[in-house]
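A look at the structure
Spelled out from the first residue to the last, the chains are:
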Amino acid sequence: MKRHFKQKIVCVAFLCLACVSLAGIAGAHLAGAFFDESTAVHVNSNDIENSTLIIGTHLIYIGALTDEIYEIAQESESEANQFTRYYKSELASGTWYNITDAASLADITTAGVPVAKEEVEALFFTHHTRSDGKTYDLRTGKEVCIYDIDDPYMLEALEELEPVKQQYENLANKEKPSYTDELNKQSVRALLEKDLQNDTTREYDEQISALQSYLDILTDAQADAESIAEVQAVMKSLDASRRAEVFTILSEKELEALIKKVESPGEEEESEEESEEESEEDEDSEDSGGSEESTYVDYDLLSAIGESMDNVESSLTEQKAEMLEKGTNVLSRTRYSLAMELSRAAQERNYPSCDDAVEKLIYLSRIEESSIIESEKELKFIEEVLIPAAHTAYLSELSAGTGDEYEAALASKSARAVLNKLLKEQKNDASIVRGELQFILQAKLDRQTEEEAKKLINEQISDVEGLRKAVVNDAFSSYANESIDEYESWLTKKLEELLSSSGGNEMDTLLAEKEALMKKKLEALDNNDLAEAEKCAALLDAKQQDIETKEKELTNILQSSTATSQEKAQAAASLGGNTSAAGILSMKESAIEDIRKGNLDSAVNAIEGINALMKVNPDTALSAMQEVYAELAKQAYLSGISDGSGSGDGSGSGSGDGSGDGSGSGSGDGSGSGDGSGSGDGSGSGDGSGSGDGSGSGDGSGSGSGDGKGSGSGSGSGDGSGSGDGSGSGSGSGSGDGNGSGSGSGDGSGSGNGSSQGLTPTEQAIQQALALVEESIVENASILAGRYTSDEISDMIEEEMGGSFEELSDADQAVVVAAVNQYAEESKDSNMRRLAASMAAKAVGNGNEYLFEKLKSETAVYLPLENIGKCFGYRYLFNDSQKEGILQKGASYYIFQAFGNRVIRQDNKTEDMDQPAGYQAAIYIPYSYAQEQFGCKAEYIAETSYGVIYEAEMEERILELLDVLLSRGIEK
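Residues numbered from 1 in each chain as written. Predicted model: local features only at pLDDT ≥ 70, side-chain atom pairs only at ≥ 80, totals over all residues. Heavy atoms only, no water.

1. Re the overall build of the chain
Operational definition: Starting at the N terminus, helices and strands are each numbered in turn, a helix being any DSSP run of H or I of at least four residues and a strand any DSSP run of E of at least two. Exposure categories follow from relative accessible area, calculated using a 1.4 Å probe and restricted to protein chains: below 20% of the type maximum is buried, above 50% is exposed, and the middle band is partly exposed. Every residue pair with non-hydrogen atoms within 4.5 Å of one another is taken to be in contact. Accessible surface is estimated by sampling points in the Shrake-Rupley manner with a 1.4 Å probe; for residues, cover comes only from the protein chains shown.
Looking only at helices and strands, the chain has 29 helices and 26 strands in total. Within the chain, the fraction of its 972 residues that count as buried is 48%. Intrachain contacts of the chain at a sequence separation of at least 6 include 71% that bridge at least 24 residues. Total accessible area on the chain is roughly 46,300 Å²; 46% of this is exposed by carbon and sulfur atoms.

Following this line, the structure appears as structure tokens:
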């Protein structure tokens, strides 16, 4: 239970901050929606469970918050004009807090802004997502599908039609409407009351309803988050499909018809049904003041229709990007097939088949995200489903020959430039298919052993000849063979990487060469050949430098958060047992394993071993010690060890010759409520002779030697008692004068933290090991002179940036992360590397748009399109079925396709990037192209999986902050 509660607190902290970081997005949707307060309810605060978040008109249990629910709740903020966000804190006995501007966990505990429950009870609510993971309509008390909350068929509620609705309100509020006003009002009302459901949308409705029933089963059974997310993703794509259908009808038929009616009021022929409806509406408006008269064109209404049409077409583009389509690539076609399999099984209530489809969807998502969790199962899915399909697709592209478009252009005697353009476009298509094959092969390599990976690559290289034989001998053959050459080059590079990291490695070779040089040097000295010995010594120095460089390279891999487990294993093997890094790594793993097994004595031995290598290899040792500390802290928490205080009394003695002053110190452990025991050790030394009485905690002895007078310290241990709860240590001191030889004793007292009465030996051992590791980390955290501490950096950031890191804007946080990262690289300060990494992780956790996840499959810098769009004011869309990313600003747009070099620009113009676009559940583009087109700068954060993106003005501020860090570092 304790473990669960701790995880719950962490979840609350991160989710709250993630929500708050997005608060600024509110209002980005269409403004001016009419909110009918009669359709909402007030809720008694006492009826709302703790850990509940308020966004707009939605109550959401924090543990049930998903991206989909968040988006829907966020849209309700502008509708109800309720932008303040609240949280009922389980950490503060159900107190409500205003978290609109929250920045940390403290904002929902002690440092937050508490609000009276009456303020919450005055709000209007429509929906409640409870701790059971289900969403309920508060007006009916019934469970609802979240995708039905915003009814896609209720045109009157569509934000996209807000301009038209506003004009309708203006017409309805006219005191003396004209005949034209009445006609236009009737036309608009007829549109808003239309039911655009058809057979296509009804099929989507049935699929969503069936999946909701299956989702309820998963929720009731407390299924894992991945399974629930995959089902919701399919439901969201089906919802997008039905909304796209509605928007298509609106755009291509209904709004066009409305325009014609407004342009020619009263002249358009109507069906009998429409005439009857309008006849009834005319009766309702007999007293409105309208009469048959000459008509006119209402240009305000026409403008509103045009604006609404733009809104509808914009939303249609978004829905089409998210709708369920078969797609043009292997990954998308596989997802479509599994989604349809899940939907059919749900409609048939065949839930075992639903489970199978969801499981495969999970594997597919992990592969697309380059995430390895169940490697064997994921590997099987890759082998059985993805690789055969990818191979077939690539072979089909290569063997297709010149396409129909080329043949038609050839027949019409088109210019050579036109024909070459068509062939290059065809090669780009083949390259996209090849890139996807390589992506899938890489996913398999990442999940294989070294030997299995080498076997796979060799098999693929052997198959290359078969690909060449499939190429048709026509105008496209040279382009097809170029693609195959690029594929073979990629395979060869992968094989070289595997061979260089396996078996007899470079480190072994370097160590062998060093040993041979040492032997040769000794032989030269034996033969009194000093010149040869000196030559060997110089070569030895150079070889040692090579070894240290290689060791550093491999150590960086071991400490890297982006390296795969296979890469880390290869680095550890390359280091072997002959280097400090390997020794530290081995002892760290042993310590963590022993801690988990409860072998604390063995763990302490390993900890002491790591500490002994701290000055030899501080970076690796300190990193290892921090990992060990994390494991110890976890075990301490699970054991229920808590802090307290205690005090103890004891005596100490010392001896010496002559006379002098002496002092003794000690520490004691005690238990709470006045009863307890403690022990303490002290050490002493003195110059001169003498003995004295000193005070200390415990009984013990000390000695000093020397001539003349001096002072010394004594040590002692003993029992004492104290008051307080928990554990602690304390020290006492005393001084006394003595003459001649002999011994003295004295009483001293100390207070501090001591162990709780009744701790088991294991718990006491954990406590002692924690103290040992803490001491080592504190002593070695700033091993190299001139390095900053984290507190110093924090103070400087606050001074230079005008606030703490947590208080800064997204852009300012990005500036700080980049500056600290650059300083760490220039100064080679590993502490600053860790600080930059920590700041980057915190910024990513808070949704900072300037930080991004690296593209794991590439060593070169690639930037995600979504972040470029957010940082530089472009609208971003991702079409999963086509694996296309779109950036659009005004009339300017860019269309990128995963694995392709070609970029489509406005007016259908194309250009090529130096490198193909990457893919990792989103589109990434090469840094060089991003810099050229968007003027953005970026860098990767060392020892993390993150990168930071920034623009020119931010770069100036980064350099200014870097200058401050460097100048003050020199002063230190």
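2. A short note on the pairing of strand 1 (residues 52-55)
The criterion, for reference: Note on pairing: two strands pair once DSSP finds at least 2 bridges between them.
Alternating positions in strand 1 separate into two faces, Thr52 and Ile54 on one and Leu53 and Ile55 on the other, with burial throughout. Turn length for the strand 1-strand 2 (residues 58-61) hairpin, with the two strands adjacent in sequence and antiparallel, is 2 residues, and the turn residue Gly56 shows positive phi of about 60 degrees. Pairing of strand 1 with strand 3 (residues 86-89) involves 3 bridges; the strand directions are antiparallel. Looking across to strand 3, one finds that Leu53 is bridged to Tyr87.

3. Some remarks on the sheet that holds strand 4 (residues 95-98)
Read across the open sheet, the 8 strands follow the order 5-4-3-1-2-6-7-8; overall the sheet is mixed. On the outer flanks of this sheet lie strand 5 (113-115) and strand 8 (143-144), each paired with one strand and no other. In terms of strand pairing, strand 2 meets strand 6 (residues 127-129) through 3 bridges, oriented parallel. Counterpart to Ile60 in the pairing with strand 6 is Thr129.

4. Examining the environment of Asn831
Secondary-structure assignment places Asn831 in helix 26 (residues 830-845). Classification of Asn831 as buried rests on a relative accessible area of 12%. Counting along the chain gives 209 residues from Asn831 to Leu622, while the straight-line C-alpha distance between them is 9.3 Å.

5. Observations concerning the nonpolar core
So the rule is basically this: In this text, buried Ala, Val, Leu, Ile, Met, Phe, Trp, Tyr and Cys residues form a nonpolar core when linked through side-chain atoms within 4.5 Å.
If you look at the biggest cluster of nonpolar residues, it comprises 150 residues, and the most contacted ones within it are Leu342, Ile868 and Ile925. By residue number, the principal contributor to this core is helix 14 (residues 416-445), which donates 12 residues. If we skip the residues at most four places from it in the chain, Leu342 touches Leu211, Tyr214, Val231, Val234, Cys354, Ala357, Val358 and Leu361. In this structure, Tyr168, Ile249, Ile305 and Leu316 belong to the second largest nonpolar core, which totals 27 residues.

6. Section: the side chain of Arg905
Selection criterion: In the analysis that follows, any N or O atom pair within 3.5 Å is treated as a polar contact, provided that within protein one partner can donate a hydrogen and the other can accept it, and provided that, for residues neighboring in sequence, both atoms belong to side chains.
Within the element layout of this structure, Arg905 appears in strand 21 (residues 902-905). Judged by relative accessible area, which is 16%, Arg905 ranks as buried. Side chain to side chain, Arg905 and Glu911 meet in a polar contact 3.1 Å long.

7. Describing the packing of aromatic side chains
So the rule is basically this: For Phe, Tyr and Trp, where Trp contributes only its six-membered ring, two rings pair if their centres lie within 6.5 Å, and the inter-plane angle classes them as stacked under 30 degrees, edge-to-face over 60, or tilted in between. Only when the NZ atom of a Lys or the CZ atom of an Arg is both within 6 Å of the ring centre and within 35 degrees of the ring normal do we say a charge sits over the ring.
For the structure on display, the rule yields 13 aromatic pairs. Judged by centre distance (5.3 Å) and plane angle (80 degrees), the ring pair of Tyr874 and Phe934 falls under edge-to-face. With a gap of 60 residues between them, Tyr874 in the loop between helix 27 (865-872) and strand 18 (875-879) and Phe934 in helix 28 (residues 927-934) connect regions that are remote in the sequence. Residue classification places Tyr874 among the buried residues on the basis of a relative accessible area of 16%. A relative accessible area of 9% means that Phe934 is categorised as buried. Taken together, the aromatic side chains of Tyr874, Tyr894, Phe896, Tyr929 and Phe934 make up a single cluster linked through ring pairs. The ring of Tyr136 has Arg130 lying over it, and the distance from NZ or CZ to the ring centre is 4.1 Å.

8. Observations regarding helix 14
Defined as follows: Here the expected length of a helix is defined as 1.5 Å per residue gap, with one fewer gap than residues.
Under the 1.5 Å per step criterion, the end-to-end length of helix 14 is 42 Å for 30 residues, consistent within 8% with the ideal 44 Å. Taken across its 30 residues, helix 14 has 23 buried, putting it largely inside the fold.

9. Observations concerning the pairing of strand 24 (residues 923-926)
Side chains on a regular strand alternate between the two faces of the sheet. Relative to strand 24, strand 17 (residues 862-864) runs antiparallel, the two sharing 3 bridges. In the sheet register, Leu863 faces strand 24, and the bridge partner there is Ile925.

10. Thoughts on the sheet that holds strand 18
The criterion, for reference: Where helices are involved, their axes are fitted lines through C-alpha atoms of the stretch in contact, as for all axes, and angles between N-to-C directions lie from 0 to 180°.
Overall, antiparallel pairing links the 5 strands, which are arranged 18-19-20-21-22 in an open sheet. Of all the strands in the sheet, just strand 18 and strand 22 (910-912) have a single pairing partner and so form its edges. Each strand axis lies, on average, 20 degrees off the axis of its neighbour in the sheet, ignoring direction. In the sheet, strand 19 (residues 884-889) pairs with strand 20 (residues 892-897) via 6 bridges, with the strands oriented antiparallel. Counterpart to Gly885 in the pairing with strand 20 is Phe896. Its contacts with the sheet put helix 27 on strand 18, strand 19 and strand 20, and the angle it makes with strand 19 is roughly 10 degrees.

11. Some remarks on the confidence of the model for the chain
Basically, it comes down to this: pLDDT is defined as a per-residue confidence score from the predictor, taking values between 0 and 100.
Averaged over the chain, the pLDDT score is 78; the fraction of residues at 70 or greater is 74%. The low-confidence segment residues 1-33, where pLDDT is below 50, has 57 contacts with residues more than four positions distant or belonging to other chains.

12. Looking at helix 5 (residues 179-192)
For helix 5, spanning 14 residues, the distance from its first C-alpha to its last is 20 Å, which sits close to the expected 20 Å at 1.5 Å a residue. All buried positions along helix 5 are accounted for by Thr180, Asp181, Glu182, Leu183, Asn184, Lys185, Gln186, Ser187, Val188, Leu191 and Leu192.

13. As for a nonpolar patch on the surface
Our working definition: Here a patch means residues that are over 30% exposed by relative accessible area and free of salt bridges, tied together within 9 Å if like-charged and within 5 Å if nonpolar (Val, Leu, Ile, Met, Phe, Trp, Tyr). Each salt bridge in this description consists of a side-chain nitrogen of Lys or Arg and a carboxyl oxygen of Asp or Glu lying within 4 Å of one another.
A contiguous nonpolar surface patch, about 300 Å² in accessible area, is contributed by Leu522, Leu525 and Leu530. Examined against the element boundaries, Leu530 turns out to sit in helix 18 (residues 530-559).

14. Let's talk about the pattern of salt bridges
Using the criterion set out here, one finds 43 salt bridges in the structure. For Arg85, the salt bridge is made with Glu77, and the minimal N-O distance between the two is 2.9 Å. Arg902 serves as the salt-bridge partner of Asp429, at 3.5 Å between the closest nitrogen and oxygen. Separated by 473 residues along the polypeptide, Asp429 in helix 14 and Arg902 in strand 21 bring together distant segments of the chain. Accessibility expressed as a relative area gives 34% for Asp429, which makes it partly exposed. When salt bridges with common partners are traced through the structure, they connect Glu226, Arg366, Glu374, Lys377, Glu378 and Arg447 into a single cluster.

15. Some thoughts on the state of the cysteines
What counts is decided by this rule: Criterion for a disulfide: a pair of cysteine sulfur atoms at a distance within 2.5 Å.
For the structure shown, the criterion picks out 0 disulfides. Cys936 carries a free sulfur, and the closest cysteine sulfur to it, the one in Cys871, is 8.5 Å from it. The buried category is assigned to Cys936, whose relative accessible area is 0%.

16. Describing the environment of Lys165
Mapped onto the fold, Lys165 is located in helix 4 (residues 162-172). Considering only alpha carbons, one finds Lys165 and Val188, 23 residues apart in sequence, at a separation of 8.0 Å. Among all residues touching Lys165, those that are not within four sequence positions of it are Glu156, Ala157, Leu158 and Leu192.

17. A word on unusual backbone geometry
Residue Asn81 is not a glycine yet carries a positive backbone phi of 55 degrees. Assignment of secondary structure puts Asn81 in the loop between helix 2 (67-80) and strand 3. Not every positive phi belongs to a glycine, and Phe899 is a case in point at roughly 75 degrees. Here Phe899 lies in the loop between strand 20 and strand 21. A relative accessible area of 10% places Phe899 in the buried class.

18. With respect to the packing of helix 7 (residues 225-263) against helix 11 (residues 351-368)
Put simply, the test is: By definition in this entry, angles of less than 35 degrees are roughly parallel, angles greater than 145 are roughly antiparallel, angles of 65 to 115 are roughly perpendicular, and the rest are oblique. In this count, Pro and Cys sit with the nonpolar residues alongside Ala, Val, Leu, Ile, Met, Phe, Trp and Tyr, while Asp, Glu, Lys and Arg are called charged and the others, Gly among them, polar.
Relative orientation of the contacting elements helix 7 and helix 11 amounts to 90 degrees, with a least axis distance of 9 Å. As summarised for this structure, helix 7 and helix 11 are arranged roughly perpendicular, according to the angle between their axes. Judged by residue contacts, Glu226, Ser227, Glu230, Val231 and Val234 of helix 7 engage Val358, Leu361, Ile362, Ser365 and Arg366 from helix 11. Along the lines of polarity and charge, the residues of the contact of helix 7 with helix 11 split into 5 nonpolar, 2 polar and 3 charged.

19. Considering the side chain of Arg242
Relative to the assigned elements, Arg242 resides in helix 7. Among the polar contacts made by the side chain of Arg242, one reaches the side chain of Asp148 at a distance of 2.7 Å. Excluding residues that lie within four positions of it along the chain, Arg242 makes contacts with Tyr147, Asp148, Pro152, Tyr153, Thr201, Tyr204, Asp205 and Ile208.

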